[in-house]
Amino acid sequence: MDGVDQLAPERKKAQFDVDEMKIVWAGSRHAFQVSDRIARLVASDPAFRKDNRAMLSRKELFKNTLRKAAYAWKRIIELRLSEEEASMLRSSVDEPAFTDLHWGMFVPAIKGQGTDEQHQKWLPLAYKMEIIGCYAQTELGHGSNVQGLETTATFDPQTDEFVIHSPTLTSSKWWPGGLGKVSTHAVVYARLITDGQDHGVNGFIVQLRSLEDHSPLPGITIGDIGMKFGNGAYNTMDNGVLRFEHVRIPRNQMLMRVSQVTREGKYVQSNVPRQLLYGTMVYVRQTIVADASCALSRAVCIATRYSAVRRQFGSKNGGPETQ
């Protein structure tokens, strides 16, 4: 049966224009052209192979993901891909990686919640991947209940610094992707406290690891949470655990688009809706729904193709079994 297109007879039965349907499915002709070109680029490059993924150990999976992420970044630079094309390339590699959190949560959080000055300082570093970020919100004791987060950020007016602290076991940051082994920085969500008053949760940019030797900075305990169910699935991601022991950061590393703390320690609420603090998480959750739709689409496509080409039961006149 080699060399025979088993799907051709089924495709000829289609009562619609398949090429036009591709454009409808992609959303626009431009979107289809970009996705088709980038998908072919990835599929034709042996460095992105994934046929052996289900057979690799967790350590091998993670090393493989690091190689692919580094190689993908190299190709993005070599080909001078646009932000849209680069995002499509990372998606087409089809392997959860620390880059998902860097580009999908760390960068959007700074863009959405940072001031113009913070954009100018942090975004160029992030865009060049001179720093690698993650999104440290979820805690061991609190997931979607953001108002229940226990990590604290207490302003010290004597030094013009915030003191980031994990006061309880349940305040440990738990599950952030990219945290376990790779990230150098994080957007950390903590309870903002000034002069003994709790102002609720706010975001802070915190350096986690040395840019010289990648070791955790003083006061920071960090690690990988280990194996997840589904060997070929999310074990390519280094989900992590993080604790702070009175870690000091400059006041200007508080994301201050929504609210600010002055040099004197005064808390100032801007006219930007406070709900923006949850904007990154809401954005990611809608992305998860979209990603789930793509995964389901792939599964339906595979199942439909298989059901169309599978041969079974008796053959006719000594020929192949019934398709």
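Residues numbered from 1 in each chain as written. Predicted model: local features only at pLDDT ≥ 70, side-chain atom pairs only at ≥ 80, totals over all residues. Heavy atoms only, no water.

### Focus on the packing of helix α2 (residues 18-26) against helix α3 (residues 29-43)
Interaxial distance between α2 and α3 falls to 7 Å at its minimum, and their mutual angle equals 95°. The angle between the axes of α2 and α3 places the two elements in the roughly perpendicular class. For the pair α2 and α3, contact is made by Glu20, Lys22, Ile23 and Ala26 and by Arg29, Ala31 and Phe32, respectively. Split by residue class, the contact of α2 with α3 holds 4 nonpolar, no polar and 3 charged. (Axes fitted to C-alpha atoms, helices over the stretch in contact; angles between N-to-C directions. Helix = DSSP H or I, 4+ residues; strand = E, 2+ residues; numbered from the N terminus. Parallel < 35°, antiparallel > 145°, perpendicular 65-115°, else oblique. Contact = heavy atoms within 4.5 Å. Nonpolar A, V, L, I, M, F, W, Y, C, P; charged D, E, K, R; others polar.)

### Describing the packing of aromatic side chains
Scanning the model with the defined rule gives 7 aromatic pairs in all. Clustering of aromatic rings is evident, with ring pairs tying together Trp73, Trp103 and Tyr127. When the ring centre of Phe62 is taken as origin, the NZ or CZ atom of Lys181, which lies over that ring, is 5.5 Å away. (Phe/Tyr/Trp six-rings, centres within 6.5 Å; stacked < 30°, edge-to-face > 60°. Lys NZ or Arg CZ within 6 Å of the ring centre and 35° of its normal.)

### Some thoughts on the domain arrangement of the protein chain
One can read the domain layout of the protein chain as domain 1 (132-272) and domain 2 (273-307). Centre-to-centre separation of domain 1 and domain 2, based on C-alpha positions: 26 Å. Here domain 1 meets domain 2 over a buried area of about 1,000 Å², counting both sides, of which 53% is carbon and sulfur. On the domain 1 side of the interface with domain 2, the three residues burying the most area are Tyr135, Val258 and Val272, jointly 40% of the side's total. Across the domain 1-domain 2 interface, the total number found is 0 salt bridges. Here domain 1 is connected to domain 2 by 0 residue pairs in polar contact (both at pLDDT 80 or more). Broken down by element, the side of domain 1 that touches domain 2 gets its largest block of residues, 5 residues, from strand β6 (residues 197-207). For the side of domain 1 that touches domain 2, the per-class residue count stands at 7 nonpolar, 10 polar and 1 charged. (Domains from an automatic or database assignment. Buried area = accessible area lost by both parts, 1.4 Å probe. Salt bridge = Lys/Arg side-chain N within 4 Å of Asp/Glu carboxyl O. Polar contact = N/O pair within 3.5 Å; in protein donor to acceptor, adjacent residues only side chain to side chain.)

### Digging into the pairing of strand β1 (residues 133-136)
Judged by which residues are buried, β1 turns out to be covered on both faces: Gly133 and Tyr135 on one side and Cys134 and Ala136 on the other are all buried. Here β1 runs beside strand β5 (residues 185-194); their pairing, made up of 4 bridges, is parallel. Note on β5: the bridge partner recorded for Ala136 is Val188. (Buried < 20%, exposed > 50% of the residue type's maximum accessible area, 1.4 Å probe, protein only. Pairing = 2+ DSSP bridges.)

### A short note on the nonpolar core
Grouped together as the largest cluster of nonpolar side chains are 28 residues, with contacts concentrated most on Phe106, Ile110, Val187 and Tyr189. Mapped by element, the contributors of at least two residues to this core are α4 (58-78), α6 (98-113), α7 (116-127), β5, β6 and α8 (279-309). It is α6 that provides the largest number of residues to this core, a total of 8 residues. If sequence neighbours within four positions are ignored, Ile110 has contacts with His119, Trp122, Leu123, Val187, Ile205 and Leu255. (Core = buried A, V, L, I, M, F, W, Y, C linked by side-chain atoms within 4.5 Å.)

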